[in-house]
Amino acid sequence: HFYKRKSMIYIFKWTACDPTIATFCCINFIQNMDFSDGWATDDLVYMWKSQDPVQIGKGISLPRFVIEKYSSDYCNVKTSTGEYSCLLMELTLKREFSYYMLTIYVPTCMLVIVSWFSFWIDPKAVPARVALGVTTLLTMSTKTASISNSLPPVAYTKAVDLWTGVCIFFVFFALLEYTAVNAAARSDAKRLIAAKNKKSPAKDKTDHEDDSVYCEINLLASRKNNICMQWLARFPSRAKKIDVISRVLFPIVFASFNLMYWCYYLTKEDE
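The text that follows walks through the structure, step by step, so that each part is easy to find. For every chain, the first residue of the written sequence is number 1, and numbering continues from 1 onward in sequence order. The predicted nature of this model means local features are confined to residues of pLDDT at least 70 and side-chain atom pairs, given and counted, to a pLDDT of 80 or more, with totals for whole chains, interfaces and linings taken over all residues. Values shown for side chains rest on all heavy atoms present in the structure; no hydrogens or waters enter the calculation.

**Describing the overall build of the protein**
And step 1. Working definition: helices are DSSP H or I runs of at least four residues, strands are E runs of at least two. Numbering for both runs from the N terminus. In terms of regular secondary structure, the protein is built from 6 helices and 4 strands.
And step 2. From first element to last, N terminus to C terminus, the protein shows the α and β order β-β-β-β-α-α-α-α-α-α.
And step 3. Here the protein, with 271 residues, has 27% of them falling under the buried criterion.
And step 4. Here the Shrake-Rupley method, with its probe set to 1.4 Å, supplies the accessible areas, and only the displayed protein chains count as covering residues. Total accessible area on the protein is roughly 18,700 Å²; 62% of this is exposed by carbon and sulfur atoms. Think of it in three bands: residues with accessible area under 20% of the maximum for their type are buried, residues over 50% are exposed, and the middle band is partly exposed, with areas taken using a 1.4 Å probe on protein chains only.

**Points about the packing of aromatic side chains**
And step 1. Under the pairing criterion, centres of Phe, Tyr and Trp rings, with the six-membered ring standing for Trp, must be within 6.5 Å; the plane angle then separates stacked pairs below 30 degrees from edge-to-face pairs above 60, leaving the rest tilted. Under the criterion given, the structure shown has 20 aromatic pairs.
And step 2. Aromatic side chains Y99 and Y100 sit 5.1 Å apart centroid to centroid with 80° between the ring planes, which places their arrangement in the edge-to-face category.
And step 3. The class for Y100 is buried, based on a relative accessible area of 6%.
And step 4. Relative to Y261, the ring of F257 lies with its centre 5.6 Å away and its plane at 45°, an arrangement referred to as tilted. A residue pair is termed a helical-turn pair when its members lie 3 or 4 positions apart in one helix, as F257 and Y261 do in helix α6 (residues 238-270) at 4 residues.
And step 5. Classification of F257 by relative accessible area gives buried; the value is 13%.

**Thoughts on the packing of helix α2 (residues 126-149) against helix α3 (residues 159-197)**
How two helices sit against one another is set out by the angle between their axes and by the gap between those axes.
And step 1. Angular values range over 0 to 180 degrees, each being the angle between N-to-C directions of two axes fitted as lines to C-alpha atoms, with helices fitted over their stretch in contact. Contact geometry of α2 with α3 gives a least axis separation of 10 Å together with a crossing angle of 165°. The angle between α2 and α3 falls in the class roughly antiparallel. You can see that α2 and α3 cross each other, and the crossing is left-handed. Between α2 and α3, the contacting residues are V126, R129, V130, G133, V134, T136, L137, M140, T144 and I147 on the first element and V160, T164, C167, I168, V171, F172, L175, E177, Y178, V181 and N182 on the second. An angle below 35 degrees is read as roughly parallel, one above 145 as roughly antiparallel, one from 65 to 115 as roughly perpendicular, and any other as oblique. Helix crossings are classified by the rotation of the near helix relative to the far one: an anticlockwise turn of less than a right angle makes the crossing left-handed, while a clockwise turn makes it right-handed. In what follows, a contact means two residues having at least one pair of non-hydrogen atoms within 4.5 Å.

**Description of a nonpolar patch on the surface**
And step 1. Patch membership requires more than 30% relative accessible area and the absence of a salt bridge. Residues of like charge join within 9 Å; the nonpolar side chains Val, Leu, Ile, Met, Phe, Trp and Tyr join within 5 Å. Whenever Lys or Arg places a side-chain nitrogen within 4 Å of a carboxyl oxygen from Asp or Glu, that contact is recorded as a salt bridge. Among the surface-exposed residues, I56, I60, I67 and Y70 lie close enough to one another that they form a single nonpolar patch of about 360 Å² accessible area.
And step 2. For Y70, the position within the fold is in strand β2 (residues 65-74).

**As for the state of the cysteines**
And step 1. For this text, the term disulfide refers to a pair of cysteine sulfurs within 2.5 Å. By the definition in use, this model includes 1 disulfide.
And step 2. The disulfide partner of C75 is C86, and the gap between their sulfur atoms is 1.9 Å. Looking along the S-S bond of the C75-C86 disulfide, the torsion reads about -55°, which is the left-handed sense. Here C75, found in the loop between β2 and β3 (77-79), pairs with C86, found in strand β4 (residues 82-95); they are 11 residues apart in sequence, far enough to count as distant.
And step 3. Looking at C86, the relative accessible area reads 4%, which means it is buried.

**Here we look at empty space enclosed by the protein**
And step 1. Only protein atoms enter the calculation, which uses a 1 Å grid: trapped sets of points that fit a 1.4 Å probe without letting it out are cavities, open sets showing protein on both sides within 12 Å along at least five of seven lines are pockets, and any residue with an atom within 4 Å of a point is a lining residue. Grid points are joined across faces, edges and corners, and a volume is the space filled by probe spheres set on the points. Summed over the entire model, instances satisfying the criterion amount to 1 cavity of 30 Å³ or more.
And step 2. As a volume, the largest cavity reaches approximately 50 Å³.
And step 3. In terms of lining, the largest cavity is formed by S115, S118, R129, G133, T136, V171, A174, L175 and Y178.
And step 4. Secondary structure elements with two or more residues in the lining of the largest cavity: α2 and α3.

**Notes on the pairing of β4**
And step 1. Buried residues dominate β4, accounting for 10 of its 14 residues.
And step 2. Strand direction decides the pairing type here: β2 and β4, joined by 9 bridges, are antiparallel. Paired with D73 across the strands is L88, a residue of β4.
And step 3. Strands are labelled as partners when DSSP assigns at least two bridges between them. As paired strands, β3 and β4 are joined by 3 bridges and run antiparallel to one another. Residue pairing in the sheet places T79 in a bridge with G82 of β4.
And step 4. Hairpin connection, β3 to β4: the antiparallel pair is bridged by 2 residues.

**Quick word on the nonpolar core**
And step 1. We call a set of buried residues a nonpolar core when its members are Ala, Val, Leu, Ile, Met, Phe, Trp, Tyr or Cys and they connect through side-chain atoms within 4.5 Å of each other. Of all hydrophobic cores here, the largest spans 25 residues; its most connected members are Y105, V112, W163, F254 and Y261.
And step 2. Looking at this core, the elements that each hand over two or more residues are α1 (97-115), α2, α3 and α6.
And step 3. For this core, the element with the highest residue contribution is α3, accounting for 8 residues.
And step 4. Listed in part, the 7 residues of the second largest apolar core include M33, L62, F65 and L91.

In C-alpha cells, the structure reads:
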C-alpha cells in the first residue's frame, strides 16, 4: 500500500519451507526473503522504516516452527542496465522438536527395544521368536516409509534417515541373531546325541583325561582373572551364550550410537 508521502507498507503471507533438511530436525536455519522490482534506483528507491521496519502480527505463528529472531537489510543489485533497489529480511527459525521427538524418535526407539525381548525367549519357542522379530521389522519398515513420505524428497542423506536406518539395522540383526541361536542349538543337540551313541569305557577314560586338561585350562583362566569367560562358563550351551551376549551387546552399541548422534547434532545446533 502506497501513501501520499511516498511510503509503503508491504503485507505478505509466507509458508515456511526448509532450504535444507540435512540436519532435520535438530538445528535452526535462516530463511531469507527479498523484495524488489524492475525499477532502477534513478526512478525508485526502497528504504526500511527507521523504527520497527519488520512487524509480525500478534497471535500469528507457524505450525512447525518458532521464529527465534528477524532482521532487515538491503540487497541492492548492480547490473549492466543499472542499479536496482532491494530490501532483504532475514528470519531465524527453529523447529518444534517435541513433536518430532514424540512421533519419530520415541516410537522407533521403542521398536528397537521391543526387538530385544526375543533374547529372553526360550530358543525352542521358534514361532514366538520369529513372529516377534518379523513383526518388529515390518513395523519399523512401515514407520520409516511413513516418515520419508512426510518429508520432501532430496538427493542427500538427512539426519532422520541416519536414525531410521540404524534402527532398522538393529531390528534386522536382532532377527538375524536368532538364526545363529537356532543353528548353535541344533549343533549342540547333534553333538550331545553323537557323544551318547559313541560312549564306551575307552572313551570314558579319554573323556576323563580331556576333563583334566579342561580343568587345567580353567585354572589358568582364573589366574588371569578373565571375568567374562568365567561368567559365560556358567551357561552350558552355545545358543544360550549367544543370547546372553546379545542381551548386553545390543543395548550398549545402541546407547553408544545415541550418545554420538545427539552429541553431534546438538553441538552442530549450538554452532
